[in-house]
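# Inside the fold
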Amino acid sequence: MSAAAVEEPFEQAPPFEAAEQPTLLEAAELISNQLVGYRVEIVGSQITVTPPPNASHGKSLSRLMRALFAAGLDGEEVEVLQNIGIWLPDGPSDYAVPDLSIVDADIDDHVIEYNCYDPAVFRLVLEVTSSNLSDDLKRKPTVYASAGVPVYVIVDRKNQRVMVLTDPKDSEYQVHAVHHPGQSFTLPESIGATVTLSVDDVLSAKR
């Protein structure tokens, strides 16, 4: 999800006969095959395509994963995974691919469709912002809350803050905790361990 590129909704080719029009999932798969390394999602029944991440994006994820592993979140009960699809309830074909997820260890038993998994096994999803800033801040809080994901973390590199959204209800997160440089924050214990992170450590990849 390169910060230099711009995310745009996928625009279909000129109209086909009704019987020839691909489904959203078919169109998404076609784009994925054509744009190897790009992230393709269907959010709000709209296909979005995000370029491959840049190095600082990857550094933020690496720092986070090291901290989560150090807290013991890599064992019999939970897994910490990158780029795993979550099936969303807001549309017949909706799914997202969070940058990082903390999931139940039996996730392999909960595939729904298109290599995407039941949101019930997701304890936390996390996005590191780049060109998809609007999606991460506005659209995804709604769809992740609708899916019942207990914790949504946004590493907002542009605005230099980390947001921890919890208590999903009626398609909204009821609690929005915003953390700034110089501060630390502790993730909810529902993820499976007590994890305290430094905002500076998470955001330092930008410098």
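A few points on the structure. Everything quoted here is computed from the prediction, not taken from an experiment.

### Quick word on helix 3 (residues 133-146)
- For helix 3, built from 14 residues, the straight-helix expectation of 20 Å at 1.5 Å per residue is met to within 8% by its first-to-last C-alpha distance of 20 Å.
- Residue Lys140 marks the point of greatest curvature in helix 3, where the axis turns by about 50°; the proline Pro141 follows within four residues.
- Those residues of helix 3 not exposed but buried are Leu133, Asp135, Asp136, Lys140, Pro141, Val143, Tyr144 and Ala145.
- The first or second residue beyond helix 3 is Gly148, which carries a positive phi of 80°.

### Examining the pairing of strand 10 (residues 122-128)
- Within strand 10, seven of the seven residues are buried, which leaves the element mostly enclosed by the surrounding structure.
- Inspection of the sheet shows strand 7 (residues 100-104) paired to strand 10 by four bridges, in the antiparallel sense. Following the sheet pairing, Ile102 is matched in strand 10 by Leu124.
- For strand 10 and strand 11 (residues 151-156), the ladder comprises five bridges, and the chain directions are parallel. Residue pairing for strand 11: Val125 is matched across the bridge by Tyr152.

### A short note on the pattern of salt bridges
- Taken as a whole and assessed by the stated rule, the structure comprises seven salt bridges.
- Ionic pairing is found between Lys140 and Glu127, a salt bridge with its closest N-O pair at 3.0 Å. On the criterion of sequence distance, the pair formed by Lys140 in helix 3 and Glu127 in strand 10 is long-range, its members being 13 residues apart.
- Under the relative-accessibility criterion, Lys140 is labelled buried at 1%.
- In this structure, the salt-bridge partner of Arg139 is Asp135, at a minimum N-O distance of 2.9 Å. A residue pair is termed a helical-turn pair when its members lie 3 or 4 positions apart in one helix, as Arg139 and Asp135 do in helix 3 at four residues.
- Looking at Asp135, the relative accessible area reads 4%, which means it is buried.
- One network of salt bridges, with partners in common, ties together Glu41, Glu127, Asp136 and Lys140.

About the criteria used
Residue numbers here run from 1 along each chain, matching the order of that chain's written sequence. Residue-level local features of this predicted model are given only where pLDDT is at least 70; pairs of side-chain atoms are given and counted only at 80 or more, and the full residue set underlies all totals for whole chains, interfaces and linings. Hydrogens are left out, water is left out, and the side-chain values use all remaining heavy atoms of the structure. Under the DSSP-based scheme used, a helix requires at least four consecutive residues in state H or I and a strand at least two consecutive residues in state E, with every element numbered from the N terminus. To estimate the expected span of a helix, count its residues, drop one, and scale the result by 1.5 Å. For a residue, the bend is simply the angle between two axes, fitted respectively to the seven-residue segment ending there and the seven-residue segment starting there. Under the scheme applied here, a residue whose accessible area is under 20% of the maximum for its type counts as buried, over 50% as exposed, and between as partly exposed, the area being computed with a 1.4 Å probe on protein chains only. The criterion for strand pairing is that DSSP finds at least two bridges linking the strands in question. Salt bridge, as used here, is a side-chain nitrogen of Lys or Arg placed within 4 Å of a carboxyl oxygen of Asp or Glu.

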